[in-house]
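Report on the structure
Listed below, chain by chain, are the residues.
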Amino acid sequence: MDAERHVAEVLPTHTPELFAAAVRRAADLLRAGEVVALPTETVYGLAANALDARAVAKIYEIKGRPAHNPIIVHVADFALARRCVSAWPEAAERLAKSFWPGPLTLVLPRASEIPNLVTAGGDTVGVRWPRHPFMQAVIRECGFPLAAPSANLSNQVSPTNAEHVRQGLGGRIPLIVDGGQSQVGIESTVVDVSGAGVRVLRPGMIHEAALAAALGELRWPIEEMSSQKSSEDARETLRSPGLLERHYAPTARLVVCAWRDDDDLLAQLAVYRAHAAHTFVIAHTRIPSGMNFGGVSVIPHDAEAYARALYGELHRCDAEGAELIAVEAPPSRPEWAAIADRLRRASA
Ligand code: TXA
Ligand code: MG
């Protein structure tokens, strides 16, 4: 089945008048059961009315998303969040109070009002109250929750600006709202609080120590999914299909490595047999110099700034025809865990 043909209208939001006009246009399309791309602080989302199964079906079709992968529901207040779920345990209360609005998705028992398509037939629903003012304004204007995965074709790198969305999906959707560069830059932390205990299903910039601090004495053994591997992963895939190994990947081959100096880097890259002109390096401490790489990007040695810049660099490498992307290994500190996770998946 072919997705309907469109040439996406791209609406700016940088004055109060433009912002208000874009809210009205997005809400009109969403009320009519259409799918539109909207900015969030993590990555851009491909949004539809979460209570309208036919609208949600279009999301799967447009993205080429497998039907077994559930979609996060976005809300803009606690009342709407509670309407999407059938239980609100103390752990959800504490995490939501600490991190909402923000880059945290809580997996909870679903309300019957949420269509099967949103939950991929499962008993739980992922709920997030995003911080981006545009997303909040549209949800308030609509009055219904918005189902929204990242606004990219399935298995590609998530978009962090409107142009990334236009390049990937511009021919398949009627509207892209330009809300600027996504300030977090990688996808939300997904935490399962639907059963006994708290499980991190997808690491994000709200890391384990921050979650534990918010949970206080409720601090059940937090099971950190990303630190375990292989057989565990295979089992977890069923619980959260977004954890499939190769995901968040650019078209080019991506390798993560640490090097002492330029010669060491060249020696390590030789095994991949890529032309220097088609090799791109993303570095944060040891910056290669005087070599004929297709490109060298320096991104800040600071986890938050790095996360904000990373996907933009991967999109740029792909756009410039990279065959090989060598990324300097990130530090192993907790605030870098989600970045390391995304790089590991992109290189799998
Ligand atoms: O930051 C984000 O989370 C962005 C923005 C748009 O909000 N959304 C996003 O959606 O990254 P998506 O669909 O690309 O990734 C959602 C992840 C997937 O790994 C999915 O399997 C998992 O969340 N997920 C969603 N609902 C779930 C549920 N009920 N149980 C377990 N995992 C769930
Ligand atoms: Mg995604």
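Residues numbered from 1 in each chain as written. Chains lettered and ligands numbered in written order. Predicted model: local features only at pLDDT ≥ 70, side-chain atom pairs only at ≥ 80, totals over all residues. Heavy atoms only, no water.

A word on the site of ligand 1. In the neighbourhood of ligand 1, 25 residues make up the surrounding shell, with Thr42, Arg65, Asn69, His74 and Ser188 lying closest. In this structure, a nitrogen atom belonging to ligand 1 sits 3.1 Å away from a side-chain N or O atom of threonine 124. Here arginine 202 contributes a side-chain N or O atom positioned 2.9 Å from an oxygen atom of ligand 1. Its free accessible area being 680 Å², ligand 1 has 98% of it covered by the protein chains. (Near = heavy atom within 4 Å. Polar contact = N/O pair within 3.5 Å; in protein donor to acceptor, adjacent residues only side chain to side chain. Areas by Shrake-Rupley, 256 points an atom, 1.4 Å probe, with all protein chains shown as cover.)

What follows is about the domain arrangement of the protein. How big an interface is tends to be stated in terms of the accessible area lost upon association of its parts. You can read the domains of the protein as domain 1 (9-232) and domain 2 (253-346). Taking only C-alpha atoms, the centre of domain 1 and the centre of domain 2 are 28 Å apart. Across the boundary between the two partners, domain 1 contributes 21 residues, which contact 15 residues of domain 2. Interface area, domain 1 with domain 2, both sides summed: about 1500 Å², of which 61% is carbon and sulfur. Of all residues in domain 1, Val157, Ile186 and Met205 bury the most surface against domain 2, accounting for 33% of the area lost on that side. For the pair domain 1 and domain 2, the interface holds one salt bridge. A salt bridge links glutamate 187 to arginine 342, with the shortest nitrogen-to-oxygen separation between them at 2.8 Å. At the boundary of domain 1 with domain 2, the tally comes to eight residue pairs in polar contact (both at pLDDT 80 or more). Residue composition of the side of domain 1 that touches domain 2, grouped by class: seven nonpolar, 11 polar and three charged. (Domains from an automatic or database assignment. Contact = heavy atoms within 4.5 Å. Buried area = accessible area lost by both parts, 1.4 Å probe. Salt bridge = Lys/Arg side-chain N within 4 Å of Asp/Glu carboxyl O. Nonpolar A, V, L, I, M, F, W, Y, C, P; charged D, E, K, R; others polar.)

What follows covers the sheet that holds strand S13 (residues 279-283). Strand order in the open sheet made by the four strands is S12-S15-S13-S14, with parallel pairing throughout. Because the sheet does not close on itself, it has two edges, and the strands there are strand S12 (253-257) and strand S14 (295-298). Ignoring strand direction, the axes of neighbouring strands in this sheet form an average angle of 20 degrees. In the sheet, S13 pairs with S14 via four bridges, with the strands oriented parallel. The residue of S14 that forms the bridge with valine 281 is valine 296. (Pairing = 2+ DSSP bridges. Helix = DSSP H or I, 4+ residues; strand = E, 2+ residues; numbered from the N terminus. Axes fitted to C-alpha atoms, helices over the stretch in contact; angles between N-to-C directions.)

Counting 72 residues, the largest nonpolar core has Leu38, Leu95, Leu106 and Ile173 as the members making the most contacts within it. The element best represented in this core is helix H1 (residues 16-31), accounting for six residues. In contact with isoleucine 173, not counting residues within four places along its chain, are His6, Val7, Ala8, Val35, Ala37, Leu46, Ile62 and Val165. One finds Leu254, Ile282, Ala303 and Ala346 within the second-largest nonpolar core, a separate group that totals 26 residues. (Core = buried A, V, L, I, M, F, W, Y, C linked by side-chain atoms within 4.5 Å. Buried < 20%, exposed > 50% of the residue type's maximum accessible area, 1.4 Å probe, protein only.)

As a further point, take the side chain of threonine 40. Assignment of secondary structure puts threonine 40 in the loop between strand S2 (36-38) and strand S3 (45-49). We classify threonine 40 as buried; its relative accessible area is 3%. Polar contacts involving the side chain of threonine 40 include one to the side chain of threonine 42, which spans 2.9 Å. A polar contact of 3.0 Å, which involves the side chain of threonine 40, links it to the side chain of arginine 128.

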